[in-house]
Amino acid sequence: MSTDNQGPIWEVFVQSKPGKPYKHVGSLHAYDKEMAIENARDLYTRRNEGTGIWLVKAEEIVSVKSGDEESYFEPADDKIYRHPTFYNMPEGSKHI
Amino acid sequence: MENSKNLEVFQAKIDAEIKIEPKDWMPDEYRQHLIRQMSQHAHSEVIGMQPEGNWITRSPSLRARKILMAKVQDEGGHGLYLYCATETLGVTREQLIQWLHEGKAKYASVFNYPSPTWADMGAIGWLVDGAAIVNQVSLQRTSYGPYSRAMVRICKEESFHQRQGYEIMATLMEGTAEQKKMAQEAFERWWWPSLMMFGPHDGDSPRSSNAMKWKIKRETNDDLRQQFIDKTIPQAELIGLKIPDANYKLLENGSYETSDIDWDEFWNVIKGNGPCNTQRIKQHAAAHDNGQWVREAAIAYNEKKEQQLKSA
Ligand SMILES: [Fe+2]
Ligand SMILES: [Fe+2]
């Protein structure tokens, strides 16, 4: 690591309210966990945007690339019986 | 062969309003255009902190100082959102800053004008942020995902910037003759530079065509400029400011006709001959160099802690 850099990139996830999922909001540079948390607070929650913050080093994230979409997500296409709208309900049935 | 298929898929996504994401295939020209435009945008946010930072310690009240500090802090944040978004294109932060210091990357020319009075804080917030908002609202729909998302965030934060500036102008215009004069002069200093922020006429802008086809840009420079003019002239008139343009007039369609911009001045400031070009870069480079020991200390501290973890 050179001695004049901005530190590794961290991805920032913010929870807007208790009970809500954490949502990706952007990224930042920090040299360690503590600094990452302080920077995330100053950068992404200046206006009460959140009640919780998750941080993860960008290099630690595993993901499915856009180019792989077909082989990953296509198998779900022919399994429409996983959706409730697939089923025929008798005329007049309620609360189901 | 491979490339033309990729290009087809890419353009089809753009046409269907599907955002391009960092790991998607994209033409190199699209990537380079974005790196140039987004880093220029990021640099503008950060360099833009200077003319206003200049007044923080001289604000006329505690209220005004708190507002100005919050505003300038937001601009720093905008710079950071945009640097991070630019880095998703495969360029490092260090590189972007180096290009700025070497003069290879530009920033908005408007920040090369000085801010000699308190009224300039009003004019900058109202006009410069006002013009930036028009541009940024349009860019929320840009085709590159990370850029678009940064714009949405930034737009949410901008509206207070413009309102605090207009409030300063309105307050001065209700004050003494001297205060009114100060406001009018600041208005005159910033009116034309803020119109220049939208860039040259579209016919004179060499990179417009692909930028529109690829939906990096959604509206033309001239359309955006007109939107700003039509919003701003009535605001100026409402508080008693005189438009520094002998030829402006209201048209039947509710839009305003104005004189053409002094394009010689525009190109001259872009070329580096504005009143503050040298000073702005010098100050940025000095701040960066003065922060080197902090970066070094932070790296050393982190290494020490990792060592302690390993030996524990
Ligand atoms: Fe901004
Ligand atoms: Fe702003």
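First, a word on what this report is: a plain description of the structure on this page.

Criteria and thresholds
- Residues numbered from 1 in each chain as written.
- Chains lettered and ligands numbered in written order.
- Predicted model: local features only at pLDDT ≥ 70, side-chain atom pairs only at ≥ 80, totals over all residues.
- Heavy atoms only, no water.
- Contact = heavy atoms within 4.5 Å.
- Buried area = accessible area lost by both parts, 1.4 Å probe.
- Salt bridge = Lys/Arg side-chain N within 4 Å of Asp/Glu carboxyl O.
- Helix = DSSP H or I, 4+ residues; strand = E, 2+ residues; numbered from the N terminus.
- Nonpolar A, V, L, I, M, F, W, Y, C, P; charged D, E, K, R; others polar.
- Core = buried A, V, L, I, M, F, W, Y, C linked by side-chain atoms within 4.5 Å.
- Buried < 20%, exposed > 50% of the residue type's maximum accessible area, 1.4 Å probe, protein only.
- 1 Å grid on protein atoms, 1.4 Å probe; cavity = no way out; pocket = protein on both sides within 12 Å on 5 of 7 lines; lining within 4 Å.
- Points joined across faces, edges and corners; volume = space filled by probe spheres on them.
- Donors = N, O, S within 2.8 Å, 3.2 Å for Na, K, Ca; no water.
- Tetrahedral: all angles 85-135°; square planar, octahedral: opposite > 155°, others 65-115°.
- Pairing = 2+ DSSP bridges.
- Phe/Tyr/Trp six-rings, centres within 6.5 Å; stacked < 30°, edge-to-face > 60°.
- Axes fitted to C-alpha atoms, helices over the stretch in contact; angles between N-to-C directions.

Moving on: the interface of chain B and chain A. Facing 24 residues of chain B, the contacting portion of chain A comprises 23 residues. With both chains or domains summed, chain B and chain A bury close to 2200 Å², and 47% of this area falls on carbon and sulfur atoms. Our count for the chain B to chain A interface comes out at six salt bridges. Put simply, the parts of the chain that give the side of chain B that touches chain A at least two residues each are α4 (62-87), α5 (93-101), α7 (145-173) and α13 (292-311) of chain B. Class assignment of the residues belonging to the side of chain B that touches chain A gives a composition of eight nonpolar, five polar and eleven charged.

All names here are of chain B. Ranked by internal contacts, the top residues of the largest apolar core, which has 49 residues, are Trp126, Met169, Phe187, Trp190 and Leu241. Mapped by element, the contributors of at least two residues to this core are α4, α6 (119-139), α7, α8 (177-196), α10 (221-238) and α11 (263-273). In this structure, Phe187 is in contact with Ala123, Trp126, Leu127, Met169, Ala236, Leu241, Lys242, Ile243 and Pro244, ignoring residues within four places of it in sequence. Counting residues in hydrophobic clusters, the runner-up holds 35 residues, among them Met38, Tyr83, Leu89 and Val91.

Quick look at empty space enclosed by the protein now. Under the defined criterion, the tally for this structure stands at one cavity of 30 Å³ or more. A volume near 40 Å³ is recorded for the largest cavity. Classifying every residue of the lining of the largest cavity by side-chain character gives two nonpolar, one polar and five charged.

This part is about the coordination of the iron ion (ligand 2). All names here are of chain B. The protein atoms that coordinate the iron ion (ligand 2) are Glu75 (OE), Asp129 (OD), Glu158 (OE) and His161 (ND1), at distances of 2.0 to 2.2 Å. Considering all four donor atoms around the iron ion (ligand 2), the spread of angles at the metal, 83 to 170°, places the coordination shape in the irregular class. When the donors of the iron ion (ligand 2) are listed by position in the chain, the intervening gaps give E-x53-D-x28-E-x2-H. The metal-metal distance between the iron ion (ligand 2) and the iron ion (ligand 1) is 3.3 Å, with Glu75 serving as a donor to both.

Next up on the list: the pairing of strand β1 (residues 9-15) of chain A. All names here are of chain A. Along β1, five of the seven residues are buried, which leaves the element largely enclosed by surrounding structure. Pairing of β1 with strand β2 (residues 22-29), which is carried by seven bridges, proceeds in the antiparallel orientation. Bridging from a neighbouring strand, Ile9 pairs with His29 of β2. The hairpin formed by β1 and β2 contains six residues between the paired strands, and Gly19 there has a positive phi angle of roughly 90°. Pairing analysis gives six bridges linking β1 to strand β3 (residues 52-57), with the strands arranged antiparallel. Looking at the pairing, Phe13 lines up with Trp54 of β3.

Moving on: the environment of Gln235 of chain B. Residues and elements named next belong to chain B. Its location among the elements puts Gln235 in helix α10. Judged by relative accessible area, Gln235 falls into the partly exposed class, the value being 25%. Once the C-alpha coordinates of Gln235 and Glu94 are considered, the two residues, 141 residues apart in sequence, prove to be 41 Å apart.

Turning our attention to the packing of aromatic side chains. Residue and element names in this part refer to chain A. Enumeration over the complete set of coordinates arrives at 17 aromatic pairs over all chains. Look at Tyr22 and Trp54: their rings are 4.0 Å apart centre to centre, the planes differ by 5°, and that puts the pair in the stacked class. Pair noted here: Tyr22 is in strand β2 and Trp54 is in strand β3, with a separation of 32 residues, a long-range link. For Tyr22, a relative accessible area of 26% translates into the label partly exposed.

With that out of the way, let us pick up the sheet that holds β2 of chain A. Residue and element names in this part refer to chain A. Spatial strand order, β2-β1-β3: three strands in an open sheet with antiparallel pairing. Of all the strands in the sheet, just β2 and β3 have a single pairing partner and so form its edges. Here the average twist between neighbouring strands, direction ignored, is 25°. Packed onto the sheet, helix α1 (residues 33-44) meets β1, β2 and β3 and runs at close to 110° relative to β2.

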